Amino acid sequence: MTEKYQYQHILVAVDGSKVTSNVLESAIDSALRNHASLDILRIVQVTQLTDGYSNAALSNEETYNIVKTTKERLDDLKQRAVDAGVKDVNVHIRFGNPKRVIAHEFPSDHNTDLIVLGATGVSGLERFVLGSVTHYVSRMAHCDVLVVRKNDHVK
């Protein structure tokens, strides 16, 4: 009799905030418990990198540098997961609206059955103006969502 695990494809969305380490650790723990694959995702919002106008565009060099730097950081996170014992780890960079990508697009493309993300990665003002990605994903995703809060007591 083969053992059935609850999750097979876990998505961890990271944003580089202070909670990223805690979010990754929770995702690693879930992947290990379930013998699941782990996808580490970073969303790049072009409007945060430009002045926000629709006609503003990044040069090819600027885009390359952003992707290169982001990929290096994601590779470090991937190595942490591999070192912890996760067998199947992939990194992804997507451009777009984090709410839609995390809640709908990526899970649909990768058969995600658990999304792990931080409670918040933006300031109170940004959350008021833009709305919380976490709040949206927890309401709208078609799979389970694990929300990780920053724990100042964990070293």
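Read on for a plain summary of the structure. (Residues numbered from 1 in each chain as written. Predicted model: local features only at pLDDT ≥ 70, side-chain atom pairs only at ≥ 80, totals over all residues. Heavy atoms only, no water.)

### Looking at the packing of helix H1 (residues 20–34) against helix H3 (residues 60–84)
Any two packed helices are characterised by the angle at which their axes cross and by the distance between the axes.
Moving on, step 1. For the pair H1 and H3, the least separation of the axes is 10 Å and the interaxial angle reads 40 degrees. Classified by the interaxial angle, the pair formed by H1 and H3 is oblique. For the element pair H1 and H3, the recorded crossing hand is right-handed. In contact with Thr20, Ser21, Leu24, Glu25, Ile28 and Leu32 of H1, H3 contributes Arg73, Leu77, Arg80, Ala81 and Ala84.
Moving on, step 2. When grouped by side-chain class, the residues that make up the contact of H1 with H3 number six nonpolar, two polar and three charged. (Axes fitted to C-alpha atoms, helices over the stretch in contact; angles between N-to-C directions. Helix = DSSP H or I, 4+ residues; strand = E, 2+ residues; numbered from the N terminus. Parallel < 35°, antiparallel > 145°, perpendicular 65-115°, else oblique. Left-handed = near helix turned anticlockwise from the far one by under 90°. Contact = heavy atoms within 4.5 Å. Nonpolar A, V, L, I, M, F, W, Y, C, P; charged D, E, K, R; others polar.)

### Concerning the pairing of strand S4 (residues 114–118)
Moving on, step 1. Most of S4 sits inside the fold, with five of its five residues counted as buried.
Moving on, step 2. The alternating pattern of S4 places Leu114, Val116 and Gly118 on one face and Ile115 and Leu117 on the opposite face, and all of these are buried.
Moving on, step 3. Strand direction decides the pairing type here: strand S1 (residues 9–14) and S4, joined by three bridges, are parallel. Each residue of the ladder has a partner; that of valine 12, found in S4, is valine 116. (Buried < 20%, exposed > 50% of the residue type's maximum accessible area, 1.4 Å probe, protein only. Pairing = 2+ DSSP bridges.)

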